Amino acid sequence: MTSNPTTPPRPGRRSFLIGAGSGAAVTALAATAANAAIHSSPSATPASATAPAVPFHGATQAGVYRPADQQRQACFASFRVLATTKAELKTLLQVLTAQGVKLSTGVRAADPVPAESLPAIAGGPPQNSGVLGEDVPPDSFTMTVGLAASVFDNPAFGLAGKKPKGLTEMTVFPNDTPDPAWTGGDLLLQLCADSTDMVHYALREITKATRGLLALSWKINGFHSAPRPAGTPRNLFGYKDGIANPAQDEQLVWITQGSGQPDWAVGGTFIVVRLIRMLVEFWDRVGLGEQDGMIGRHRVSGAPLGAVKETDVPDYANDPDGQNIPLDAHIRMANPRTKATDASRLLRRGYNYDLGVDLNGNMQAGLIFASFQRDIKAQFEATQLRLVNEPMTDYIEPFGGGYFIGLPGVTAANGFLGEGLFA
Amino acid sequence: MPDSLPAPAPTMDGVVAAYRNYVSGQLDTLTGQALSLKASIGNNSLEVARRQWLDAQMTWQRVGAAYGSFGDLGSAINGLPSGLPKGSADPGFTGLHRLEYGLFHGQGPAELAAVASKLYADVVELHGKLPTMELAGSDMPLRCHEILEDSLRDNLSGNNDQGSGMALALTSADLDGTRVVLALMRTLVDTLSPGYTAKVTATLDRLGNALARTQDQGTWPAWRTLPLAARQPVTGALGAALESLAYVPALFSTDD
Ligand code: HEM
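Residues numbered from 1 in each chain as written. Chains lettered and ligands numbered in written order. Predicted model: local features only at pLDDT ≥ 70, side-chain atom pairs only at ≥ 80, totals over all residues. Heavy atoms only, no water.

Describing the packing of aromatic side chains
Residue and element names in this part refer to chain A. Here is the rule we go by: Pairs were defined over the aromatic rings of Phe, Tyr and Trp, the Trp ring being its six-membered one, requiring ring centres within 6.5 Å. Orientation was assigned from the angle between planes: stacked under 30 degrees, edge-to-face over 60, tilted for the rest. The way it works is that DSSP assigns letters per residue, a run of H or I at least four long becomes a helix, a run of E at least two long becomes a strand, and they are numbered from the N terminus. For every residue, the accessible area (1.4 Å probe, protein chains only) is compared with the maximum for its type, and the residue is labelled buried under 20%, exposed over 50%, or partly exposed between those bounds.
Overall, the coordinates contain 17 aromatic pairs over all chains when judged by the stated rule. Residues F237 and W283 carry aromatic rings whose centres are separated by 3.9 Å and whose planes lie at 10 degrees to one another, so their mutual orientation is stacked. With F237 in the loop between β4 (214–223) and β5 (269–278) and W283 in helix α5 (residues 280–283), the pair connects residues that are 46 residues apart, well separated along the chain. In this structure, F237 and W283 share a single accessibility class: buried. Joined through ring pairs, the aromatic side chains of F237, Y239, F282, W283 and Y395 make up one cluster.

Below, the structure is given as structure tokens:
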């Protein structure tokens, strides 16, 4: 019944030596762990030469235009912020930054751990969950962080004066059936990588490091398919998706000095996430001609109807009555390609999702629609409103998502996401 | 909440002795509570019995009997229907949670009187055996974090709930038990890692505050009836506490 100081009394789950141990510095808590990890160096070499690392640092966040080819896997996770003071919010953003740097760079188990990131107490639970083995490859990992209007509206943070213009709760559009369990949240993480285990690992690391400061409210994993057989990958309706997207130099995505937004937001972007179920069984009972007409492209090639290659540009000017591409085709309503609608274009970077089964045995699958723009109303909402009564509406059910301000990027080695909020 | 926390013990032997003493006191209390509960059920005062069940269950939680420390008697007092062939109708399902099940599923003296009598007898028996029971010093650091791990795994998950919805009350009693074990080990912990109990205590305080804020004029709401936004401060604070408690066993470990 008693323990002896030299012989552990019982070789149970763990063995103990009462009175041993080092007087190691104590950090364990997110807030303290934070202080340790904020000093990570941006120029660390990637853990593996073969797996590409996407730079975390830059004037804008990764996961939008960087890397140029969207990664294969993603997790969209929405959190409640539990921080109760501005200082805690700052700590939270510092911890997230440190995690983003670490995960983007990768970790080699053999590399020396900087003293300040050593665990609280030697011999505690492993620092690495082991899901990726001992060496963590960068695996094209990107973390993109967004904040919802609720963070600016929370008096505890005193950020009302810094609230970006036009950042609201997600509008409920005519065909939406928002499910509170999948809608909103204070903070969005878009985690992307080329493998599912990396995405899982990253979320697990991040939630551990932010325990008590963030509470996971909903999350959905998505995949970006391989090209079949070539070109742009297909969505779950079988159509190539992501063909027409504005280039970075068209300046439709990043908030700039002239955008009329608070200075701190320059280099940021508005993120719209829409969780849209696709009734795939129903869709599969529709003829190909009707499907093509609803989208406005040929399923086989991805080319606009009447054209040959997916990169061919639809010519609506010479098809005013929709003989070729119906006037209510998705691509035509989404982007009529007129002078008046040109500025409403946006960057889409969605992922397919495949969850469980519904009440009636149908598959719960669809699209995690993610778009990036400098103005939600003028771009996303204008596009969405044009699409309200498109024929495809019958085959889809938007049920969740949210609006967020994607924070500007981090350039300084000791900088952190959202730093401008605290200036 | 125990009125005051016990004084720290200077050695692990001292911790075990003081913990045994503390458990004995809790079992004294539980003996009285089990007797009252038995009487109320016998007299068909079920409204009173439901309140008394909660008091008794909370006393048991405060003991901090994480992961089966009291063997078969522990299961008889605090067992669950899982794993029993007939589930909640199984005769092997006894003790506090069996009473909870009955009291919150319309049962009365006919079904519960015998269960209450057996509970009382089991508590008395455990109390009698306590002085000679094996309590290992090596369990104490583990207990420090396992009690609240059980809150998350068993109470707040709803797995333990037999109908009362009182996961918050049980978790607050688990927190009390954790504070007691930590207080007993304070000297040992702080010798190994100066200031660590203060760090852990700060997270426990935050959890205590989050729990208290869910109360409505001293009563606990049913856990499942709270919306996610009201549950998150509790589970968030609990998560943060668990991350810091996870390092307590490491202080005493020879592994690694
Ligand atoms: C489940 C729902 C949706 C499906 C299945 C879908 C499918 C497609 C497909 C197959 C294309 C053609 C290929 C391409 O250019 O990428 C396309 C284009 C497009 N979609 Fe969607 N889409 C959906 C929802 C949305 C939403 C919610 C919006 C915006 C509010 C949107 C905006 C656009 C835009 C702007 C284009 C490009 C049009 C162009 O510039 O030619 N889509 N979509």
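Moving on from the coordinates now.
Section: the UniProt feature "domain: Dyp-type peroxidase C-terminal" (unreviewed entry) in chain A
Put simply, the test is: UniProt positions are given in the numbering used here, feature names are shortened, and annotations may be inferred rather than shown by experiment.
On the UniProt side, "domain: Dyp-type peroxidase C-terminal" (unreviewed entry) is annotated at positions that read residues 232–410 of chain A here. Along residues 232–410 of chain A one finds 16% helix and 23% strand; the C-alpha atoms at either end are 30 Å apart.

What about the confidence of the model for chain A?
Rules: As a per-residue quantity, pLDDT reports the predictor's confidence and falls between 0 and 100. Whether two residues touch is decided by their heavy atoms; if any such pair falls within 4.5 Å, the residues are in contact.
Averaged over chain A, the pLDDT score is 89; the fraction of residues at 70 or greater is 87%. Counting contacts from residues 1–49 of chain A, a segment whose pLDDT is below 50, to residues more than four positions away or on other chains yields 119 contacts.

Notes on the site of the ligand
All names here are of chain A. The cut-off we apply is this: Throughout this document, a residue counts as near a molecule or strand when at least one of its heavy atoms sits within 4 Å of that molecule or strand. Here a polar contact is taken to be a pair of N or O atoms separated by no more than 3.5 Å, where protein atoms must pair a possible hydrogen donor with a possible acceptor and residues adjacent in sequence count only if both atoms sit in side chains. Asp, Glu, Lys and Arg are counted as charged, while Ala, Val, Leu, Ile, Met, Phe, Trp, Tyr, Cys and Pro are counted as nonpolar; the rest, among them Gly, fall into the polar class.
Neighbouring residues of the ligand: 26 residues in total, closest G242, I243, H330, R337 and R348. Within the side chain of H330, one N or O atom sits 2.8 Å away from a nitrogen atom of the ligand. A distance of 2.9 Å separates an oxygen atom of the ligand from a polar side-chain atom of N335. Within the residue set of the shell around the ligand, elements represented by two or more residues are β5, α7 (330–334), β8 (363–373) and α8 (376–386). Looking at side-chain class alone, the shell around the ligand contains 15 nonpolar, 6 polar and 5 charged residues.

Thoughts on the coordination of the iron atom of the ligand
Under ideal tetrahedral coordination, the four donors around a metal are separated by 109.5 degrees; under ideal octahedral coordination, the six donors are separated by 90 or 180 degrees. Rule in force here: Atoms of type N, O and S within 2.8 Å of a metal are treated as its donors, and for Na, K and Ca the window is 3.2 Å; water is not considered, so some sites may appear to be missing partners.
From the protein, the iron atom of the ligand takes a single donor atom, H330(A) (NE2), 2.0 Å away. Relative to the elements of secondary structure, H330(A) occurs in helix α7.

Concerning the packing of helix α2 (residues 46–63) of chain B against helix α3 (residues 71–78) of chain B
Two quantities define a packed helix pair, namely the angle between the helix axes and the distance between the axes. All names here are of chain B. As a reminder, the rule being used: Every angle, taken between N-to-C directions, lies between 0 and 180 degrees, and every axis is a line fitted to C-alpha atoms, over only the stretch in contact when it is a helix. Note on terminology: angles under 35 degrees are roughly parallel, angles over 145 are roughly antiparallel, angles of 65 to 115 are roughly perpendicular, and the others are oblique. Note on convention: the crossing is left-handed when the near helix lies turned anticlockwise from the far helix by less than a right angle, right-handed when the turn is clockwise.
Here α2 crosses α3 at 150 degrees, and the two axes come no closer than 12 Å. Classified by the angle their axes make, α2 and α3 are roughly antiparallel. The chirality of how α2 crosses α3 is left-handed. In contact with Q57, W60 and Q61 of α2, α3 contributes G74, I77 and N78. Among the residues making up the contact of α2 with α3, the classes are represented as 2 nonpolar, 4 polar and no charged.

Considering unusual backbone geometry
Residues and elements named next belong to chain A. Between R66 and P67 the backbone carries a cis peptide bond, its omega angle lying at 0 degrees. A cis amide bond, omega -5 degrees, links R228 with the succeeding residue P229. Counting through the fold element by element, P229 comes out in the loop between β4 and β5. With a phi angle near 55 degrees, D139 is a residue other than glycine that sits in the positive phi range. Locating D139 in the fold gives a position in the loop between α2 (86–105) and β2 (142–147). Overall, the relative accessible area of 14% leaves D139 in the buried class.

Regarding the pattern of salt bridges
Opposite charge on two side chains permits them to pair, given that their charged atoms come into close proximity. Just so we agree on the cut-off: Any carboxyl oxygen of Asp or Glu within 4 Å of a side-chain nitrogen of Lys or Arg constitutes a salt bridge here.
Applying the stated criterion across every chain, the model contains 22 salt bridges over all chains. Linking K240(A) and E310(A) is a salt bridge whose minimum nitrogen-to-oxygen distance equals 2.7 Å. Placement of K240(A) in the loop between β4 and β5 and of E310(A) in the loop between α6 (288–295) and α7 is noted, with a sequence separation of 70 residues between them. E310(A) carries the same exposure label as K240(A), and that label is buried. Through salt bridges with shared partners, a single ionic network connects K208(A), R211(A) and E243(B).

Focus: the pairing of strand β1 (residues 73–81) of chain A
Both faces of the sheet carry side chains from a regular strand, because those side chains alternate between them. Residues and elements named next belong to chain A. For the record, the criterion: We call two strands paired when DSSP finds no fewer than two bridges between them.
The buried fraction of β1 amounts to 8 of the 9 residues, a majority that puts the element mostly inside the structure. Here β1 pairs with strand β3 (residues 187–193) via 7 bridges, running antiparallel. Each bridged residue has a counterpart across the sheet, and for A77 the counterpart in β3 is L189. Two elements, β1 and β4, share 9 bridges in a ladder whose sense is antiparallel. The residue bridging R80 from the neighbouring strand is A215, located in β4.

Remarks on the nonpolar core
Filter applied, for reference: Nine residue types can take part in a nonpolar core, namely buried Ala, Val, Leu, Ile, Met, Phe, Trp, Tyr and Cys, and a core is a set of them joined through side-chain atoms within 4.5 Å.
Y19(B), L99(B), M185(B) and F252(B) are the most contacted members of the largest nonpolar core, which totals 76 residues. Looking at this core element by element, the count peaks at 11 residues for helix α1 (residues 12–42) of chain B. Counting 68 residues, the second largest nonpolar core, distinct from the first, contains A149(A), I255(A), F380(A) and F422(A).

Brief notes about the side chain of R332(A)
Residues and elements named next belong to chain A. Along the chain, R332 turns up in helix α7. What makes R332 buried here is its relative accessible area of 9%. A distance of 2.8 Å separates a polar atom in the side chain of R332 from the backbone oxygen of I325.

Here we look at helix α6 (residues 139–155) of chain B
Within an α-helix, residues lying three or four positions from one another point in the same direction, as the helix has 3.6 residues per turn. Let me state the cut-off plainly: Note on bend: the value at a residue is the angle between axes fitted to the seven residues ending there and to the seven starting there.
The axis of α6(B) is deflected most strongly, by about 30 degrees, at H145(B). Most of α6(B) sits inside the fold, with 14 of its 17 residues counted as buried.

So, the confidence of the model for chain B
Mean pLDDT over chain B works out to 94, with 96% of the residues at or above the 70 mark. Across the interfaces of the predicted complex, the ipTM metric reaches 0.90, alongside a pTM of 0.91.

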